[in-house]
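# Coordinates in review
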Amino acid sequence: MGSTLGVAVVGFGWMGRVHTQAYARVLHHFPGLSVRPELIAVADEVPGRAEEAAARYGFATAARDWREVAADPRVQAVSVAAPNFLHREIGVAMAEAGKHLWIEKPVGLTAADARAVAGAVAKAGVQGTVGFNYRNAPAVAAARELIAAGEIGTVTHVRIRLFSDYAAHPEGALTWRYERERGGSGVLGDLASHGVDLARFLLGEIASLTADTAVFVPERARPTGATAGHTRSTGGELGPVENEDYVSCLLRFASGARGVLEACRVSVGEQNNYGFEIHGTKGAVSWDFRRMGELGVSRGTSFQDQPVSTLYVGPGHGEYAAFQPGSANSMGYDDLKVIEAYNFLRSIAEGTPYGATLEDAVHSATALDAMARSAEHGTWVSPGN
């Protein structure tokens, strides 16, 4: 079975639950792992939430303060699923305590925050994994292989979209997500961060960009109690939405390819409409998260009137074989987080990074900062400058 690894989860909203369930399932799908995660501790500042999580999932210890987790010698690895403004403090503290880190994006409020966590992880010599789960879809892995093999020729341009309606209701509560001090950016950090990671994962580095942002729901009611997820609130004091609902961005890649990235959290009629279309000199490839196991592929020598076929991913594409025995059997969102857990635990066991790392988080955050600067000044910006 392998050695036991004590794990903890800090922040037990929806994402904390997803991490916990991934730990519980990972050996079912990847029995060859040489480490076995054991649920040691869960922490959440909301009264009763950690205790409920412990009772439901079997954590040995429940706490209100994440510092108890950092000080617990039984804990060797920590999932950080707390609000964005806590990521830097918690991430650095856990790394300094010698604990491996699986942290949700965007790893803080700014690129400086992401760099601080990445630096602490590197200095401590621990492993760090970041929650860029969409790159784990087997169809995305298949697309990357097609592109790298030259199946669609030289990539010319890409469109990446991330549209959601989770914040579209005008009665959505004014939670930390909408405040600069605690949420940082809005849809930039929440959805566009995934878009940047997909862009880099599939096409390489971004050389420059120009962006535009907007707030479409300018005021929301403050919640009167603890919130989880996207709570609605009526009758409370209205306050301003301080970060962006929408971003559009033009991209220039180091390869010479061009791109468009668009993300919105208030798109009425759109539920998790995430995906990409990538065009090359000989063909194209496209993916829609809502049809996660399908890849649209056009390749050949016709160029004009060249047909598009549907590739149903199966064993041999990414980590698909760990979940289903044959092509066109469906996978789901939580499966992508199981793959993420596998990469995290494998990194710890072998001492070699697998999957998205803190360096990937730094690159994403740097691009997001560049988008914010570009939107403010109306200019093209080079990430990192």
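For the structure, see preceding data.
Presented here is a report on the structure given in the accompanying data block.

## Looking at the overall build of the chain
When its secondary structure is counted, the chain shows 10 helices and 16 strands. The globule rule puts the C-alpha radius of gyration for 385 residues at 21 Å, and the 21 Å found for the chain is close to it. With the principal axes as the frame, the chain shows a C-alpha extent of 60 × 55 × 40 Å. Counting all 385 residues of the chain, 55% fall into the buried class. Long-range contacts, defined as pairs at least 24 residues apart, comprise 71% of the intrachain contacts of the chain with a sequence gap of at least 6. Taken as a whole, the chain presents about 16,000 Å² of accessible surface, with 48% of it coming from carbon and sulfur.

## With respect to the sheet that holds strand β1 (residues 3-10)
Strand order across the open sheet formed by 6 strands is β3-β2-β1-β4-β5-β6, with parallel pairing between neighbours. Where the open sheet ends on each side, the last strands, each with one partner, are β3 (61-63) and β6 (128-130). Looking at each pair of strands side by side, their axes are set apart by 25 degrees on average, direction ignored. The sheet contact formed by β1 and strand β2 (residues 35-43) spans 8 bridges and is parallel. Among the inter-strand pairings, Ala8 is bridged to a residue of β2, identified as Ala41. Packed on one face of the sheet, helix α1 (residues 14-29) meets β1, β2, β4 (77-80) and β5 (100-103) and runs near 155 degrees to β2.

## A closer look at unusual backbone geometry
Residue Lys105 is joined to Pro106 through a cis peptide bond whose omega torsion reads 5 degrees. With respect to the helices, strands and loops of the structure, Pro106 is situated in the loop between β5 and α5 (111-124). With a phi angle near 75 degrees, Ala328 is a residue other than glycine that sits in the positive phi range. Note that Ala328 resides in the loop between β16 (309-312) and α9 (333-350).

## Quick notes on the state of the cysteines
Evaluation of the coordinates by the stated rule reveals 0 disulfides. Of all cysteine sulfurs in the structure, the one in Cys264 sits closest to Cys249, which takes part in no disulfide; the separation is 15 Å. Using a relative accessible area of 2% as the deciding quantity, one classes Cys249 as buried.

## Here we look at the pairing of strand β15 (residues 294-298)
Taking burial as the measure, the 5 residues of β15 include 4 buried ones, the bulk of the element. Sheet topology note: the strand β14 (residues 284-288)/β15 ladder contains 3 bridges and is antiparallel. Its bridge partner lying in β15, Ala284 is registered against Ser298. Between β14 and β15, which pair antiparallel in sequence order, lie 5 residues.

## A closer look at the side chain of Glu340
Within the fold, Glu340 resides in helix α9. For Glu340, a relative accessible area of 2% gives the class buried. A polar contact of 2.9 Å, which involves the side chain of Glu340, links it to the side chain of Trp102. For Glu340, the residues in contact, after removing those within four places along its chain, are Trp102, Glu104, Thr129, Val130, Gly131, Phe132, Asn133 and Asn136.

## Remarks on the environment of Gly296
Considering the arrangement of structural elements, one finds Gly296 in strand β15. Of the residues examined, Gly296 reaches a relative accessible area of 15% and is grouped as buried. Put simply, Gly296 and Ser286 are 10 residues apart on the chain and 4.9 Å apart in space, counted from C-alpha to C-alpha.

## Some points on the packing of helix α8 (residues 187-203) against helix α10 (residues 358-377)
Their axes nearest at 9 Å, the elements α8 and α10 cross at an angle of 120 degrees. Viewed along their axes, α8 and α10 form a crossing whose handedness is right-handed. Of the residues in α10, those touching α8 at Leu188, Gly189, Ala192, Ser193, Val196, Asp197 and Arg200 are Asp360, His363, Ser364, Ala367, Leu368, Met371 and Ala372. Looking at the contact of α8 with α10, its residues break down into 7 nonpolar, 4 polar and 3 charged.

## Here's the deal with the pattern of salt bridges
Here the idea is simple: oppositely charged side chains can pair when their charged atoms come close. As enumerated under the stated definition, the model contains 23 salt bridges in all. Ionic pairing is found between Lys337 and Glu104, a salt bridge with its closest N-O pair at 2.8 Å. Within this pair, whereas Lys337 is found in helix α9, its partner Glu104 is found in the loop between β5 and α5, the two being separated by 233 residues in sequence. The closest approach of N and O atoms between Arg182 and Glu179, which form a salt bridge, is 2.8 Å. The network of salt bridges with shared partners includes Arg135, Asp197, Arg200, Glu205 and Asp360.

Definitions and limits used
Residues numbered from 1 in each chain as written. Predicted model: local features only at pLDDT ≥ 70, side-chain atom pairs only at ≥ 80, totals over all residues. Heavy atoms only, no water. Helix = DSSP H or I, 4+ residues; strand = E, 2+ residues; numbered from the N terminus. Rg over C-alpha atoms; globule rule 2.2 N^0.38 Å. Buried < 20%, exposed > 50% of the residue type's maximum accessible area, 1.4 Å probe, protein only. Contact = heavy atoms within 4.5 Å. Areas by Shrake-Rupley, 256 points an atom, 1.4 Å probe, with all protein chains shown as cover. Pairing = 2+ DSSP bridges. Axes fitted to C-alpha atoms, helices over the stretch in contact; angles between N-to-C directions. Disulfide = S-S within 2.5 Å. Polar contact = N/O pair within 3.5 Å; in protein donor to acceptor, adjacent residues only side chain to side chain. Left-handed = near helix turned anticlockwise from the far one by under 90°. Nonpolar A, V, L, I, M, F, W, Y, C, P; charged D, E, K, R; others polar. Salt bridge = Lys/Arg side-chain N within 4 Å of Asp/Glu carboxyl O.

Worth remembering: the numbers are spatial, not functional.
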